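What follows is the residue order along each chain.
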Amino acid sequence: MSDKYLRDIIFSFMIAGKDTTANTLCWFFYMLCKNPLIQEKVAQEVIDCTCSGSGENHVNTDDILATITDETLQKMQYLHAALTETLRLYPVTPMNGRCAMEDDILPDGHIIKKGEEINYLAYAMGRMRYIWGEDAEIFRPERWLKNGVFQPESPFKFISFHAGPRICLGKEFAYRQMKIFTIALLHFFHFKLADESKDAIYKVTFTLHMKGGLHLRAIPRTTQTNFTT
Ligand code: HEM
């Protein structure tokens, strides 16, 4: 392997991995602020799954981060569901496409000619009642759980990481990164929107950005706050 090849691989991982996870986390924290009870359920799981759940009094980030192991991350089924539910409603690649290299016929009988482009809208697919049922537009992590265990869907239905041979190579890594980030923050803080009267709107670039960014208030968990209002 040449140095140039190695450089290009690392560069493509940085491009593919940075804005994707950053934008997803942005929408995730927005969803948690819009759904405070869900935020508390995620936070409770964080507390239960890290050492802090055993009653030990961990006070600094290093202590908490030291408790994050593969086993801990694996236990966090509700967090996994909540991140997946965010990606269903806010797929970071909202629109994607392919060009036919040769004449083809799709499984539904649709004829495609060589050179024709096909696009799919992950953003629209994630909100279709036809695919997700009547509550398609509602943020409900529970839809991914059975008896508390995460139930994956076909990638052709949950298309946010693409599907088939070119499915995202960094999917597991992305969940891992996002879980660690969430644990580090939700263990110490409760979050509220800086302006609760405003709804976020998206700005489509190559990825699904939140227009104007996400402005939050971080409230230390030691402060007495009514988190459910
Ligand atoms: C929430 C996070 C992420 C989402 C939603 C996501 C989504 C996607 C999607 C939709 C594609 C297909 C693009 C296409 O072919 O048109 C893709 C490809 C890819 N992703 Fe991700 N991605 C995420 C995070 C990451 C991370 C963290 C990495 C690596 C560190 C990564 C590495 C890649 C690579 C290398 C490809 C190209 C795979 C190929 O063409 O064979 N992704 N990703």
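Residues numbered from 1 in each chain as written. Predicted model: local features only at pLDDT ≥ 70, side-chain atom pairs only at ≥ 80, totals over all residues. Heavy atoms only, no water.

## Section: the coordination of the iron atom of the ligand
Working step 1: No protein donor other than Cys-168 (SG) coordinates the iron atom of the ligand, and that contact is at 2.3 Å.
Working step 2: Turning to its location among the elements, Cys-168 is positioned in the loop between strand 6 (149-150) and helix 8 (171-186). (Donors = N, O, S within 2.8 Å, 3.2 Å for Na, K, Ca; no water. Helix = DSSP H or I, 4+ residues; strand = E, 2+ residues; numbered from the N terminus.)

## Quick word on helix 5 (residues 77-89)
Working step 1: Between the first and last C-alpha of helix 5 there are 19 Å, a value that for 13 residues agrees with the 18 Å anticipated at 1.5 Å per step.
Working step 2: Among the 13 residues in helix 5, 13 count as buried, and that is most of the element. (Expected span 1.5 Å × (residues − 1). Buried < 20%, exposed > 50% of the residue type's maximum accessible area, 1.4 Å probe, protein only.)

## Digging into the UniProt feature "binding site: heme" (unreviewed entry) in the chain
Working step 1: Within this numbering scheme, the UniProt entry marks Cys-168 as carrying the feature "binding site: heme" (unreviewed entry).
Working step 2: We classify Cys-168 as partly exposed; its relative accessible area is 33%. (UniProt positions renumbered as here; feature names shortened; annotations may be inferred.)

## Section: the layout of surface pockets
Working step 1: Quantified by volume, the largest pocket comes out at close to 1100 Å³.
Working step 2: As for the largest pocket, its lining consists of 37 residues, and the residues nearest its centre are Ala-16, Thr-20, Thr-93, Cys-168 and Leu-169.
Working step 3: Going through the elements one at a time, helix 1 (3-34), strand 1 (95-99) and helix 8 are the ones with two or more residues in the lining of the largest pocket.
Working step 4: Examining the composition of the lining of the largest pocket, we find that 11 residues originate from one element, helix 1, more than from any other.
Working step 5: Estimated volume of the second largest pocket: approximately 550 Å³.
Working step 6: If you go around the second largest pocket, you meet 22 residues; those closest to its centre are Arg-98, Leu-106, Ile-118, Tyr-120 and Phe-156.
Working step 7: Residue assignment for the lining of the second largest pocket shows that the elements contributing at least two residues are strand 1 and strand 4 (117-121). (1 Å grid on protein atoms, 1.4 Å probe; cavity = no way out; pocket = protein on both sides within 12 Å on 5 of 7 lines; lining within 4 Å. Points joined across faces, edges and corners; volume = space filled by probe spheres on them.)

## Thoughts on the packing of helix 1 against helix 2 (residues 36-49)
Working step 1: Contact pair helix 1 / helix 2: the axes reach a minimum separation of 5 Å and the direction vectors enclose 115°. Judged by the angle between their axes, helix 1 and helix 2 are roughly perpendicular. Packed against helix 1, whose contacting residues are Leu-32, Cys-33 and Lys-34, the element helix 2 presents Pro-36, Ile-38, Gln-39 and Val-42 at the interface.
Working step 2: Among the residues forming the contact of helix 1 with helix 2, the class breakdown is 5 nonpolar, 1 polar and 1 charged. (Axes fitted to C-alpha atoms, helices over the stretch in contact; angles between N-to-C directions. Parallel < 35°, antiparallel > 145°, perpendicular 65-115°, else oblique. Contact = heavy atoms within 4.5 Å. Nonpolar A, V, L, I, M, F, W, Y, C, P; charged D, E, K, R; others polar.)

## Some remarks on the nonpolar core
Working step 1: If you look at the biggest cluster of nonpolar residues, it comprises 43 residues, and the most contacted ones within it are Phe-28 and Val-42.
Working step 2: Elements that contribute at least two residues to this core include exactly helix 1, helix 2, helix 5, helix 8, strand 7 (189-193) and strand 9 (208-210).
Working step 3: At 9 residues, the largest contribution of residues to this core is made by helix 1.
Working step 4: When near neighbours in sequence (up to four residues on either side) are disregarded, Val-42 contacts Leu-32, Tyr-78, Leu-79, Ala-82, Thr-182 and Leu-186.
Working step 5: One finds Tyr-120, Ala-122, Ile-159 and Ala-163 within the second-largest nonpolar core, a separate group that totals 5 residues. (Core = buried A, V, L, I, M, F, W, Y, C linked by side-chain atoms within 4.5 Å.)

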